[in-house]
Amino acid sequence: MNGAGIVGVGVDAVDVARFRRLLDRRPRFATRCFTETEQSDANRSVDVAQSLAARFAAKEAVMKALGTGIGAFALTDVEVCRTPGTGATRNAPFLVLHGTAAELAGAHGAGHFHLSLTHTDGVAIAFVVAEQAVSCAPS
């Protein structure tokens, strides 16, 4: 088995108040940028705008980790999900890539993504590490 390495790292910060104003001015923005699952999960949060801002930061951090810019793939191609269950990892965020984002990740050799989200009242931050796919090759 070959060891996995880092393909890229991305971090992004979103101003929550600015993001809230954007959502207020453009109600369809959320539909264009977030999957139904993401919107549903955010709607269960105490602060929907804060929750969506963190997810938006994650999408941009993935773009940075893959070395692409805005527009390389649809924002809905990156989905922030939460682990179910109980215990320490309950509600831990993880990424699922679809469509063009998944194709780009494959082309870059990224087979796994690590995601960390945090936020305050003022800022939402996402940190993403794209890791190489682990291959099983005879030695």
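In short, a report on the structure. (Residues numbered from 1 in each chain as written. Predicted model: local features only at pLDDT ≥ 70, side-chain atom pairs only at ≥ 80, totals over all residues. Heavy atoms only, no water.)

Concerning the overall build of the protein
A tally of regular secondary structure across the protein gives five helices and five strands. Radius of gyration (C-alpha) of the protein: 16 Å, near the 14 Å computed for a compact globule of 139 residues. Projecting the C-alpha coordinates of the protein onto the three principal axes gives extents of approximately 55 × 35 × 25 Å. Looking at the protein as a whole, 39% of its 139 residues qualify as buried. By sequence separation, contacts in the protein at least 24 residues apart represent 57% of the contacts at least 6 residues apart. Looking at the protein as shown, the accessible area adds up to about 7700 Å², and 53% of this sits on carbon and sulfur atoms. Separation between the mean location of the 13 positive side-chain charges and that of the 13 negative ones in the protein comes to 6 Å. (Helix = DSSP H or I, 4+ residues; strand = E, 2+ residues; numbered from the N terminus. Rg over C-alpha atoms; globule rule 2.2 N^0.38 Å. Buried < 20%, exposed > 50% of the residue type's maximum accessible area, 1.4 Å probe, protein only. Contact = heavy atoms within 4.5 Å. Areas by Shrake-Rupley, 256 points an atom, 1.4 Å probe, with all protein chains shown as cover. Lys, Arg positive; Asp, Glu negative; His and termini not counted. Charge placed at Lys NZ, Arg CZ, Asp CG, Glu CD.)

Brief notes about the environment of leucine 95
With respect to the helices, strands and loops of the structure, leucine 95 is situated in strand S3 (residues 93-97). A relative accessible area of 13% places leucine 95 in the buried class. Placed 36 residues apart in sequence, leucine 95 and lysine 59 show a C-alpha to C-alpha distance of 9.1 Å. Once you skip the residues sitting within four places of it in the chain, leucine 95 turns out to touch Val62, Val78, Glu79, Val80, Phe113, Leu115 and Val128.

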